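Residues per chain are reported as follows:
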Amino acid sequence: GHQRRYVSGEEMLKKLGAEFEKVGPDAELKVGDILVYTDTRKEFIHMAAYVGGDYVFNKAGASRYNPYVFQHRQIVEASYFRATPELRLRIVDIF
């Protein structure tokens with residue numbers, strides 16, 4: 001069965017790196033791209049799924065009470081203004 005558990009930023013980036021193709025920050029966004037925001041030390045801060053029209057789907061905060069929402073990408077990035085969208089990963093295999 002499925003069991004929920006906390007995944008560290010390091011573990012998540014490792015898993016994404018194994019299952020997704022990394023593309024450059026200047027690549028054109030495609031629906032399904034995962035935007036990964038890191039700090040200057042390349043430590044995970046936030047991630048969001050690109051859904052088109054410059055909108056993303058993401059969890060609006062770490063608390064379990066914060067919902068998943070559709071937001072304009074600029075709003076999300078302004079919330080994490082110290083982060084850089086330098087890692088952007090694209091799905092290679094779809095199951």
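As a reminder, the structure under discussion sits directly above these lines.
Residues numbered from 1 in each chain as written. Predicted model: local features only at pLDDT ≥ 70, side-chain atom pairs only at ≥ 80, totals over all residues. Heavy atoms only, no water.

Caption draft 1: Looking closely at the pattern of salt bridges. Inspection of every chain in the model, using the stated rule, returns three salt bridges. With its nearest N and O atoms 2.7 Å apart, the salt bridge here joins Lys-15 to Glu-19. You can see Lys-15 and its partner Glu-19 sitting in helix α1 (residues 9-19), four residues apart, about one turn around the helix. Residue Asp-54 pairs with Arg-73 through a salt bridge whose shortest N-O separation is 3.4 Å. In this pair, Asp-54 sits in the loop between β3 (44-52) and β4 (55-59) while Arg-73 sits in helix α2 (residues 73-79), placing the two residues 19 residues apart along the sequence. Accessibility expressed as a relative area gives 28% for Asp-54, which makes it partly exposed. Three or more residues are tied together by salt bridges with common partners; here these are Asp-54, Arg-73 and Glu-77. (Salt bridge = Lys/Arg side-chain N within 4 Å of Asp/Glu carboxyl O. Helix = DSSP H or I, 4+ residues; strand = E, 2+ residues; numbered from the N terminus. Buried < 20%, exposed > 50% of the residue type's maximum accessible area, 1.4 Å probe, protein only.)

Caption draft 2: How the structure looks around the environment of Gly-52. For Gly-52, the position within the fold is in strand β3. The class of Gly-52 is buried, set by a relative accessible area of 18%. For the pair Gly-52 and Gly-32, spaced 20 residues apart in the sequence, the C-alpha separation amounts to 8.4 Å.

Caption draft 3: Here's a closer look at the packing of aromatic side chains. Following the criterion strictly, the structure yields two aromatic pairs and no others. Between Phe-57 and Tyr-68, the aromatic rings sit 5.9 Å apart at their centres with planes inclined by 20 degrees, giving stacked as the arrangement. A residue pair is termed long-range when its members are at least 10 positions apart, and Phe-57 in strand β4 and Tyr-68 in strand β5 (residues 68-72) qualify at 11 residues. Taking relative accessible area as the criterion, Phe-57 reaches 33% and is therefore assigned partly exposed. For the ring pair Phe-57 and Phe-70, a centre distance of 4.8 Å and an interplane angle of 45 degrees mean the geometry is tilted. Of this pair, Phe-57 sits in strand β4 while Phe-70 sits in strand β5; the two residues are 13 residues apart in sequence, bridging distant segments of the chain. Among the aromatic residues, those joined into a ring-pair cluster are Phe-57, Tyr-68 and Phe-70. Geometry around Tyr-68 places Lys-59 over its ring, the cationic atom sitting 5.7 Å from the centre. (Phe/Tyr/Trp six-rings, centres within 6.5 Å; stacked < 30°, edge-to-face > 60°. Lys NZ or Arg CZ within 6 Å of the ring centre and 35° of its normal.)

Caption draft 4: Spatial organisation of the nonpolar core. Among the nonpolar cores identified, the biggest contains seven residues, and these are Leu-29, Leu-35, Tyr-37, Ala-48, Tyr-50, Val-56 and Val-76. Elements supplying a minimum of two residues to this core: β2 (34-38) and β3. (Core = buried A, V, L, I, M, F, W, Y, C linked by side-chain atoms within 4.5 Å.)

Caption draft 5: Structural view of the pairing of β3. As defined by bridge partners, β2 adjoins β3 across five bridges and the pair is classed as antiparallel. Note on β3: the bridge partner recorded for Leu-35 is Ala-48. Hairpin connection from β2 to β3: five residues lie between these consecutive antiparallel strands, with Lys-42 at a positive phi of about 65 degrees. In terms of strand pairing, β3 meets β4 through three bridges, oriented antiparallel. The residue of β4 that forms the bridge with Tyr-50 is Val-56. If you look at the hairpin formed by β3 and β4, you'll find two residues sitting between the two strands, and Gly-53 has a positive phi there, around 60 degrees. (Pairing = 2+ DSSP bridges.)

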